[in-house]
Amino acid sequence: MIAAIYPGTFDPLTFGHLNIIARASLICNRLIVGVAENSGKNPLFSLEERLEMAQEQISKMQQSGEIKQDIQVESFTGLLTDFAHKNSARMIIRGLRAVADFEYEFQMASTNRRLKPDLETIFLTAPEQQHFVASSLVKEVARYDGDISSFVPAEVQTAIAQKLKS
Ligand code: PNS
């Protein structure tokens, strides 16, 4: 029984994240999407909103058959390694976009391994169409009224528009 955590800030959730969730669900028996509070990043969406967004989009993919497995969506504060330990997870899944991510991801994986040596980080490469998409860029494009429909689901698009208006 292999449990895995897919952690992130998900501010907001993108098609790239959903692609990783679907693929990660195929390589473990239990997948937990860990939505980090990450107040240091000053997220646009509250923790509850990010949780709700992830839950809604994952349910939609389960209904359409794109995801066949049950997936837990949970928030966490504090260290990722502690969250993984609490959930008896053996793997951390991270999506890896183009080269820019490498240094940060390498540091994070190495630090987490130092903290908890039996917890492995597994990288899934980002889907080709989404290789350059970062949540931060999606927000910036939206801020200037650009079209973000190919980066995020319609409901997320609406949520971003409403958030930026308020
Ligand atoms: O989607 P992100 O913002 O790149 O995700 C970063 C995240 C949430 C995985 C990272 O910030 C994290 O693990 N935060 C929890 C606190 C922690 O364990 N920090 C040390 C990581 S080496």
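These lines cover the structure that appears in this document, whether it is placed above or below. (Residues numbered from 1 in each chain as written. Predicted model: local features only at pLDDT ≥ 70, side-chain atom pairs only at ≥ 80, totals over all residues. Heavy atoms only, no water.)

On to the packing of helix α1 (residues 15–24) against helix α2 (residues 47–63), then. Where α1 meets α2, the axes come as close as 11 Å, and the angle between the chain directions of the two elements is 55°. One element, α1, and the other, α2, form an angle in the oblique class. Considering how the two elements wind past one another, α1 and α2 form a crossing that is right-handed. For the pair α1 and α2, contact is made by L18, I21 and A22 and by Q57, I58 and M61, respectively. In terms of residue class, the contact of α1 with α2 is built from 5 nonpolar, 1 polar and no charged. (Axes fitted to C-alpha atoms, helices over the stretch in contact; angles between N-to-C directions. Helix = DSSP H or I, 4+ residues; strand = E, 2+ residues; numbered from the N terminus. Parallel < 35°, antiparallel > 145°, perpendicular 65-115°, else oblique. Left-handed = near helix turned anticlockwise from the far one by under 90°. Contact = heavy atoms within 4.5 Å. Nonpolar A, V, L, I, M, F, W, Y, C, P; charged D, E, K, R; others polar.)

What follows concerns α1. The element α1 is largely enclosed, with a buried count of 7 among its 10 residues. Those residues of α1 that sit buried are G16, H17, L18, I20, I21, A22 and A24. N-capping of α1 is provided by T14, with a side-chain oxygen placed 3.2 Å from the backbone N of G16. (Buried < 20%, exposed > 50% of the residue type's maximum accessible area, 1.4 Å probe, protein only. Polar contact = N/O pair within 3.5 Å; in protein donor to acceptor, adjacent residues only side chain to side chain.)

Next up on the list: the sheet that holds strand β3 (residues 71–76). Spatially, 5 strands are ordered β3-β2-β1-β4-β5 in an open sheet, and the strand pairing comes out parallel. This sheet does not close on itself; its edge strands, each paired only once, are β3 and β5 (120–125). Direction aside, the axes of adjacent strands within the sheet are offset by 30° on average. Along the sheet face, α1 touches β1 (3–8), β2 (30–36), β3, β4 (91–96) and β5 and points at about 120° away from the line of β5. (Pairing = 2+ DSSP bridges.)

On to the nonpolar core, then. Counting residues in hydrophobic clusters, the biggest one holds 24 residues, and the most contacted among them are I21, L31, V33, I58 and I93. Every element with two or more residues in this core is listed here: β1, α1, β2, α2, β3 and β4. Beyond its immediate sequence surroundings of up to four residues, I21 is in contact with Y6, L31, V33, I58, I67 and I71. In terms of nonpolar packing, the next biggest core, distinct from the first, is built from 11 residues, A3, F83, A84 and L119 among them. (Core = buried A, V, L, I, M, F, W, Y, C linked by side-chain atoms within 4.5 Å.)

Interpretation note: all reported values are geometric properties and have no functional meaning in isolation.
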